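Structural overview for review
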Amino acid sequence: MTPPTAADYQARRVVVGTTDVGRSTIVEDGPATTRAVLPICTVVDLWSVPSLPAVVEDPDSLDGNVALDPPPAGALVRMVTLPPDAEWKTSGGGFGESLSAMGGADAAADDHDDSSGMHATDTVDVIVVVSGEVYAVLEDGETLLRPGDSLIQRGTKHAWSNRTDQPVTFVATMISAKS
(Lines give C-alpha, C1' and ligand atoms only; values in the text may rest on other atoms or scores of the structure.)
Protein backbone atom coordinates (compact mmCIF):
# COMPACT_ATOMS: atom_id res chain seq x y z
CA MET A 1 0.00 0.00 0.00
CA THR A 2 1.36 3.42 -0.98
CA PRO A 3 1.58 5.86 1.95
CA PRO A 4 -0.54 9.01 1.63
CA THR A 5 1.07 12.13 0.25
CA ALA A 6 0.52 15.70 1.41
CA ALA A 7 -1.81 16.22 -1.57
CA ASP A 8 -4.05 13.37 -0.35
CA TYR A 9 -4.76 15.07 2.97
CA GLN A 10 -8.33 16.12 3.79
CA ALA A 11 -9.88 17.09 7.11
CA ARG A 12 -13.30 16.29 8.53
CA ARG A 13 -15.05 19.28 10.07
CA VAL A 14 -17.77 18.84 12.69
CA VAL A 15 -19.56 22.06 13.66
CA VAL A 16 -21.73 22.28 16.76
CA GLY A 17 -24.57 24.74 17.26
CA THR A 18 -27.99 24.89 18.90
CA THR A 19 -31.49 23.86 17.94
CA ASP A 20 -34.44 26.25 17.85
CA VAL A 21 -35.06 25.42 21.52
CA GLY A 22 -31.44 26.05 22.55
CA ARG A 23 -30.16 22.46 22.79
CA SER A 24 -26.65 21.64 21.56
CA THR A 25 -26.52 19.68 18.31
CA ILE A 26 -24.29 18.88 15.35
CA VAL A 27 -25.13 21.29 12.53
CA GLU A 28 -22.46 20.18 10.05
CA ASP A 29 -20.33 17.05 9.62
CA GLY A 30 -18.24 16.42 6.55
CA PRO A 31 -15.06 17.26 4.70
CA ALA A 32 -13.81 20.82 5.08
CA THR A 33 -14.56 22.62 1.83
CA THR A 34 -11.91 25.35 1.96
CA ARG A 35 -8.90 23.37 0.73
CA ALA A 36 -5.96 24.05 -1.55
CA VAL A 37 -3.30 21.68 -2.87
CA LEU A 38 -0.28 23.91 -3.49
CA PRO A 39 3.20 23.07 -4.77
CA ILE A 40 4.63 23.08 -1.23
CA CYS A 41 1.73 21.92 0.95
CA THR A 42 -1.95 21.13 1.32
CA VAL A 43 -3.93 23.69 3.33
CA VAL A 44 -7.35 22.99 4.81
CA ASP A 45 -9.01 25.95 6.52
CA LEU A 46 -11.37 24.83 9.26
CA TRP A 47 -12.90 28.00 10.73
CA SER A 48 -12.56 31.75 10.46
CA VAL A 49 -14.06 34.66 12.35
CA PRO A 50 -14.05 38.20 10.94
CA SER A 51 -13.42 39.92 14.27
CA LEU A 52 -12.59 39.26 17.89
CA PRO A 53 -14.18 38.61 20.23
CA ALA A 54 -16.14 36.19 18.09
CA VAL A 55 -19.92 35.95 18.34
CA VAL A 56 -20.74 32.36 19.34
CA GLU A 57 -23.64 31.80 16.94
CA ASP A 58 -22.08 33.49 13.90
CA PRO A 59 -21.26 31.16 11.01
CA ASP A 60 -17.65 30.89 9.93
CA SER A 61 -16.44 33.49 7.45
CA LEU A 62 -14.70 31.09 5.06
CA ASP A 63 -15.68 31.62 1.44
CA GLY A 64 -14.10 28.52 -0.12
CA ASN A 65 -10.83 30.26 -0.99
CA VAL A 66 -7.65 29.72 1.02
CA ALA A 67 -5.96 33.00 1.98
CA LEU A 68 -2.62 33.26 3.75
CA ASP A 69 -3.79 35.65 6.46
CA PRO A 70 -6.87 35.68 8.68
CA PRO A 71 -9.38 38.54 8.36
CA PRO A 72 -7.78 41.88 9.42
CA ALA A 73 -9.28 41.85 12.93
CA GLY A 74 -10.09 38.14 13.13
CA ALA A 75 -8.72 34.64 13.46
CA LEU A 76 -8.30 31.55 11.29
CA VAL A 77 -7.81 27.89 12.18
CA ARG A 78 -6.14 25.73 9.54
CA MET A 79 -4.46 22.39 9.09
CA VAL A 80 -1.34 22.24 6.97
CA THR A 81 0.30 19.11 5.58
CA LEU A 82 3.83 19.49 4.27
CA PRO A 83 5.52 16.86 2.15
CA PRO A 84 9.16 16.02 2.75
CA ASP A 85 11.49 18.84 1.64
CA ALA A 86 12.93 16.58 -1.06
CA GLU A 87 9.55 16.46 -2.81
CA TRP A 88 9.07 20.21 -3.27
CA LYS A 89 12.60 21.63 -3.21
CA THR A 90 13.86 19.29 -5.94
CA SER A 91 10.85 19.96 -8.15
CA GLY A 92 11.77 23.61 -8.67
CA GLY A 93 10.59 25.13 -5.41
CA GLY A 94 7.16 26.65 -5.76
CA PHE A 95 7.19 28.51 -2.47
CA GLY A 96 6.60 31.94 -4.04
CA GLU A 97 3.97 30.44 -6.33
CA SER A 98 2.18 28.94 -3.32
CA LEU A 99 2.22 32.23 -1.40
CA SER A 100 0.87 34.04 -4.46
CA ALA A 101 -1.94 31.49 -4.83
CA MET A 102 -2.96 32.31 -1.26
CA GLY A 103 -2.80 36.09 -1.83
CA GLY A 104 0.38 36.41 0.22
CA ALA A 105 3.15 37.09 -2.29
CA ASP A 106 4.38 39.97 -0.14
CA ALA A 107 4.94 37.60 2.84
CA ALA A 108 8.07 36.04 1.28
CA ALA A 109 11.22 37.32 2.94
CA ASP A 110 13.12 39.57 0.52
CA ASP A 111 16.53 38.46 1.75
CA HIS A 112 16.03 34.71 1.06
CA ASP A 113 15.67 32.70 -2.14
CA ASP A 114 12.42 30.95 -3.10
CA SER A 115 13.64 27.52 -1.98
CA SER A 116 14.19 28.59 1.64
CA GLY A 117 10.48 29.11 2.34
CA MET A 118 11.33 32.01 4.67
CA HIS A 119 8.32 34.29 5.17
CA ALA A 120 6.53 36.47 7.73
CA THR A 121 2.90 37.41 8.36
CA ASP A 122 1.25 40.02 10.59
CA THR A 123 -0.17 37.34 12.87
CA VAL A 124 0.35 35.60 16.17
CA ASP A 125 0.16 31.88 15.40
CA VAL A 126 -0.26 28.98 17.80
CA ILE A 127 1.01 25.92 15.95
CA VAL A 128 0.61 22.33 17.21
CA VAL A 129 2.13 19.34 15.41
CA VAL A 130 -0.40 16.53 14.97
CA SER A 131 1.68 13.94 13.09
CA GLY A 132 5.18 13.68 11.69
CA GLU A 133 7.95 16.10 12.53
CA VAL A 134 9.12 19.44 11.24
CA TYR A 135 11.86 21.95 11.93
CA ALA A 136 10.82 25.52 12.65
CA VAL A 137 13.63 27.46 10.95
CA LEU A 138 14.33 31.01 12.07
CA GLU A 139 16.96 33.53 11.01
CA ASP A 140 19.11 32.65 14.04
CA GLY A 141 18.33 29.04 14.87
CA GLU A 142 15.89 26.20 14.47
CA THR A 143 14.08 23.63 16.58
CA LEU A 144 12.58 20.22 15.87
CA LEU A 145 8.84 19.87 16.61
CA ARG A 146 7.16 16.48 17.06
CA PRO A 147 3.52 15.44 17.71
CA GLY A 148 2.10 17.38 20.65
CA ASP A 149 4.79 20.09 20.48
CA SER A 150 3.66 23.66 19.94
CA LEU A 151 5.28 26.84 18.66
CA ILE A 152 4.08 30.38 19.20
CA GLN A 153 5.05 32.33 16.08
CA ARG A 154 4.84 36.09 16.64
CA GLY A 155 5.17 37.76 13.25
CA THR A 156 8.85 36.90 12.72
CA LYS A 157 10.56 35.49 9.64
CA HIS A 158 10.34 31.71 9.64
CA ALA A 159 10.25 28.64 7.44
CA TRP A 160 9.31 24.99 7.79
CA SER A 161 11.63 22.10 6.94
CA ASN A 162 10.40 18.51 6.79
CA ARG A 163 13.63 16.49 6.63
CA THR A 164 11.90 13.11 6.86
CA ASP A 165 10.41 10.88 4.17
CA GLN A 166 6.82 11.28 5.47
CA PRO A 167 4.38 14.22 5.43
CA VAL A 168 3.94 16.32 8.57
CA THR A 169 0.58 17.79 9.66
CA PHE A 170 0.10 20.68 12.05
CA VAL A 171 -2.77 22.89 13.17
CA ALA A 172 -2.23 26.65 13.09
CA THR A 173 -4.52 29.08 14.87
CA MET A 174 -3.68 32.43 13.27
CA ILE A 175 -4.71 35.64 15.00
CA SER A 176 -4.46 38.94 13.14
CA ALA A 177 -1.84 41.19 14.75
CA LYS A 178 0.02 44.47 14.29
CA SER A 179 3.80 44.72 13.97
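We now turn to the structure provided with this report. From a predicted model like this one, the values you see are computed outputs, not experimental measurements.

What to know about the layout of surface pockets
Estimated volume of the largest pocket: approximately 270 Å³. Taken together, 16 residues line the largest pocket, and the ones lying closest to its centre are Val55, Val56, Glu57, Asp58 and Pro59. Mapped onto the lining of the largest pocket, the elements with two or more residues apiece are strand E1 (12–18) and strand E4 (42–49). Broken down by element, the lining of the largest pocket gets its largest block of residues, four residues, from E1.

Some remarks on the sheet that holds strand E10 (residues 158–161)
Strand order in the open sheet formed by three strands is E8-E7-E10, with antiparallel pairing between adjacent strands. Strands with a single pairing partner mark the edges of an open sheet, and in this sheet they are strand E8 (141–145) and E10. Between one strand axis and the next, the sheet turns through 20° on average, direction left out of account. One ladder, built from four bridges, connects strand E7 (residues 134–138) with E10; its direction is antiparallel. What sits directly across from leucine 138, in E10, is histidine 158.

Some words on the packing of aromatic side chains
Per the counting criterion, the structure on display carries one aromatic pair. Ring centres 5.0 Å apart and planes at 40° place the aromatic pair tryptophan 160 and phenylalanine 170 in the tilted group. Pair noted here: tryptophan 160 is in strand E10 and phenylalanine 170 is in strand E11 (residues 168–176), with a separation of ten residues, a long-range link. You'll find tryptophan 160 and phenylalanine 170 in the same group, each marked buried. One cation-aromatic arrangement involves arginine 163 over tyrosine 135; the distance from NZ or CZ to the ring centre is 3.9 Å.

As for the side chain of threonine 81
Tracing the backbone through its elements, the reader meets threonine 81 in strand E5 (residues 75–82). Relative accessible area serves as the criterion here: at 2%, threonine 81 is assigned to the buried category. Side-chain polar atoms of threonine 81 contact the side chain of threonine 169, separated by 2.9 Å.

Topic: the environment of proline 83
Considering the arrangement of structural elements, one finds proline 83 in the loop between E5 and helix H1 (85–89). As for proline 83 and threonine 42, which are separated by 41 residues in sequence, their C-alpha atoms are 8.6 Å apart. Beyond its immediate chain neighbours, meaning those up to four positions away, proline 83 contacts Ala6, Ile40, Cys41, Trp88, Asn162 and Pro167.

Rules of the game
Residues numbered from 1 in each chain as written. Predicted model: local features only at pLDDT ≥ 70, side-chain atom pairs only at ≥ 80, totals over all residues. Heavy atoms only, no water. 1 Å grid on protein atoms, 1.4 Å probe; cavity = no way out; pocket = protein on both sides within 12 Å on 5 of 7 lines; lining within 4 Å. Points joined across faces, edges and corners; volume = space filled by probe spheres on them. Helix = DSSP H or I, 4+ residues; strand = E, 2+ residues; numbered from the N terminus. Pairing = 2+ DSSP bridges. Axes fitted to C-alpha atoms, helices over the stretch in contact; angles between N-to-C directions. Phe/Tyr/Trp six-rings, centres within 6.5 Å; stacked < 30°, edge-to-face > 60°. Buried < 20%, exposed > 50% of the residue type's maximum accessible area, 1.4 Å probe, protein only. Lys NZ or Arg CZ within 6 Å of the ring centre and 35° of its normal. Polar contact = N/O pair within 3.5 Å; in protein donor to acceptor, adjacent residues only side chain to side chain. Contact = heavy atoms within 4.5 Å.

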